[in-house]
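Chain by chain, the residues:
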Amino acid sequence: MSQHTDKVEKDVNVSTAKKLLVICIDRDNDVGEKTGIITPVVGRDACIEAAQRLALEDPEDADSNSIFAAIKTYEDLISKGYQVEVVTIAGVKARGVQADEKILVETKKVLEKFSANGAVIVSDGEDDESVIPVIQNVLPVVSVQRVVMKVSRSVEYSYAVFGKYLKMLVYDSKYSKFFLGVPGILLLIGGIGTVIGYTAEIFALLVSILGAAFLIRAFDIDRTLSNWSKPTPMGFIRMFTMVAGVLLILSSVPSGIDAVDPKLIENNIEIIPIITDKVIVGQFVSGVLPMLWIGLGSIFAGTLLSNWMGGVPRQISDILRIIVWAALYPIILQFTNIMINDEPSLTLVPPLLGGLAVTLISATILFKKYRKHKDQEMVSD
């Protein structure tokens, strides 16, 4: 494999360090784990042998390239007149504190044989470079050289980040219940459906479950429901008004269907002409509107009441939401009249202007009241 070295610090200055120790760091001890070689490995020939054996055992391991890079650095410094020794030191497979302690012990052992006054660190990544402060406790680090493979180092980071998030998705219950639970349910249902022979029905059920799961997670419905159903007076109010509102909204659909004149659809057997007929759509919407608006009003009123009882400072927003909801009713009702009775479009302008005026006036009054209340609180404080 080919590589190039990227100097992070400036080259060694002869006036500051003349006896240099070129150190190749293998923090996770791939050399020892894969070849059985005991570290520290001291000397050019011993390091070459260690690199060759590691490359034969695992050609994809970047540590063998780091050792060769350390040897090349050693030879370059020799040619410039330095007194140099090259070594490979290793930690332990689990990394962590034990690895750093072992690296410190091996560095001290090498210094007993070769009393260097400066170190040149050669590594292939930030994990190995994290032990530089450990080495600096016993020997000044005058240069750091990083070995970069022609395959981008971002690949290494990508694998590390991917592994971290994959572990989180598997072991963190906050995420695993969705990313493992939902696919697990789908696979289980799919397997049962294949065995019993209801493939088409099971496929439709799987798609429905998957779509529901995506919607629940996308709009935080699960978190909202958990907050709304807390065992408190406010929680019970929200839960009751939510259930009542949903039932009323669902009941609006049959009301809309009953409002459609049967004569308009008895001759149409295709769905497209039905849903594109403005009279049919207008009648359906006019039938849906009362129960739909009552259901939404129930939910909004429950939110307002629970926030007021709980002392949550959001009553202005809740009140304004109900006002806007009420102001929209005559606008939509007039829109259905235009579709059903073919009234002029200009008849929609008065309810629009009226709704806009009510909304602006209400918002102005509410926000003035809110600011006055805040000013009084600041004065009392």
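Residues numbered from 1 in each chain as written. Predicted model: local features only at pLDDT ≥ 70, side-chain atom pairs only at ≥ 80, totals over all residues. Heavy atoms only, no water.

Chemist: Looking at this structure, I do not really get the pairing of strand S5 (residues 118–123). What am I missing?
Modeler: Taken residue by residue, a regular strand's side chains alternate between the two faces of the sheet. In terms of burial, S5 is largely enclosed, as 6 of its 6 residues are buried. The alternating pattern of S5 places Gly118, Val120 and Val122 and Ala119, Ile121 and Ser123 on opposite faces, both of which are buried. Across 5 bridges, the pairing between strand S2 (residues 19–26) and S5 is parallel. Among the inter-strand pairings, Leu20 is bridged to a residue of S5, identified as Gly118. (Buried < 20%, exposed > 50% of the residue type's maximum accessible area, 1.4 Å probe, protein only. Helix = DSSP H or I, 4+ residues; strand = E, 2+ residues; numbered from the N terminus. Pairing = 2+ DSSP bridges.)

Chemist: How do you make sense of the nonpolar core when you look at a structure like this?
Modeler: Generally speaking, soluble globular proteins have nonpolar side chains that are buried together. Ranked by size, the top nonpolar core spans 23 residues in total, and within it Val22, Ile67 and Leu77 carry the most contacts. Listing elements by their share of this core, those giving two or more residues are S2, helix H2 (44–57), helix H3 (63–79), strand S4 (83–90) and S5. Broken down by element, the residue count for this core peaks at 6 residues, all from H3. If near-sequence neighbours (up to four positions away) are discounted, Leu77 is found in contact with Leu20, Val22, Tyr82, Val84 and Val120. (Core = buried A, V, L, I, M, F, W, Y, C linked by side-chain atoms within 4.5 Å. Contact = heavy atoms within 4.5 Å.)

Chemist: What is the right way to read the packing of H2 against H3 from this model?
Modeler: When two helices pack together, their arrangement is given by the angle between the helix axes and the distance between those axes. Following both chains from N to C, one finds H2 and H3 inclined at 155°, their axes separated by 8 Å at the closest point. On the basis of their axis angle, the class for H2 and H3 is roughly antiparallel. You can see that H2 and H3 cross each other, and the crossing is left-handed. Residue-level contacts link Arg44, Cys47, Ile48, Ala51, Gln52, Leu54 and Ala55 of H2 to Asp63, Ser64, Ile67, Phe68, Ile71, Tyr74 and Glu75 of H3. Looking at side-chain class alone, the contact of H2 with H3 contains 9 nonpolar, 2 polar and 3 charged residues. (Axes fitted to C-alpha atoms, helices over the stretch in contact; angles between N-to-C directions. Parallel < 35°, antiparallel > 145°, perpendicular 65-115°, else oblique. Left-handed = near helix turned anticlockwise from the far one by under 90°. Nonpolar A, V, L, I, M, F, W, Y, C, P; charged D, E, K, R; others polar.)

Chemist: What exactly am I supposed to notice about the environment of Lys19 here?
Modeler: Inspection of the secondary structure assignment puts Lys19 in strand S2. Spatially, the C-alpha atom of Lys19 lies 6.5 Å from that of Gly118, the residues being 99 residues apart in sequence. A distance of 3.3 Å separates polar atoms of two side chains, one belonging to Lys19 and the other to Ser115. (Polar contact = N/O pair within 3.5 Å; in protein donor to acceptor, adjacent residues only side chain to side chain.)

Chemist: Explain the packing of aromatic side chains here, please?
Modeler: Both the distance between ring centres and the angle between the ring planes are used here to describe each pair of aromatic rings. This model, assessed by the stated rule, comprises 1 aromatic pair. Note that Lys19 overlies the ring of Phe114, its terminal NZ or CZ placed 5.0 Å from the centroid. (Phe/Tyr/Trp six-rings, centres within 6.5 Å; stacked < 30°, edge-to-face > 60°. Lys NZ or Arg CZ within 6 Å of the ring centre and 35° of its normal.)

Chemist: Help me understand helix H4 (residues 96–113), please; the structure alone is not making it clear to me.
Modeler: Quick reminder: α-helices carry 3.6 residues per turn. Residues three or four places apart thus point the same way. Across its 18 residues, H4 extends 27 Å between first and last C-alpha, which sits within 8% of the 26 Å expected from 1.5 Å per residue. Among the residues of H4, those classed as buried are Ala99, Asp100, Ile103, Glu106, Thr107, Val110 and Leu111. Each buried residue of H4 lies within a common arc of 140° when the element is viewed along its axis, so the set occupies one face. Opposite its buried face, H4 presents the exposed residues Val97, Gln98, Val105 and Glu112, each directed more than 90 degrees away. Against S2, strand S3 (41–42), S4 and helix H6 (132–136) lie the buried residues of H4. (Expected span 1.5 Å × (residues − 1). Arc of directions from axis to C-beta.)

Chemist: Sorry, what's going on with the side chain of Thr107 here?
Modeler: One can find Thr107 in helix H4. Note on Thr107: relative accessible area 2%, which makes it buried. Non-local contacts of Thr107, meaning those with residues more than four positions away in its chain, are made with Ile89, Ile135 and Val138.

Chemist: Is there a simple way to think about H2 in this case?
Modeler: With 14 residues, H2 extends 20 Å between its outermost C-alpha atoms, agreeing within 8% with the 20 Å of an ideal straight helix rising 1.5 Å per residue. Residues Cys47, Ile48, Ala50, Ala51 and Leu54 constitute the buried set of H2. Burial along H2 is one-sided: seen end-on, the buried residues are contained in an arc of 165°. Among the exposed residues of H2, those oriented more than 90 degrees off its buried face are Asp45, Leu56 and Glu57. Looking at the buried residues of H2, the elements they touch are helix H1 (30–35), S3, H3 and S4.

Chemist: What am I meant to see in the environment of Val207 here?
Modeler: The topology assignment puts Val207 in helix H10 (residues 199–218). Judged by relative accessible area, Val207 falls into the partly exposed class, the value being 46%. The spacing of Val207 and Leu186 is 21 residues in sequence and 8.8 Å in space, taken between C-alpha atoms.

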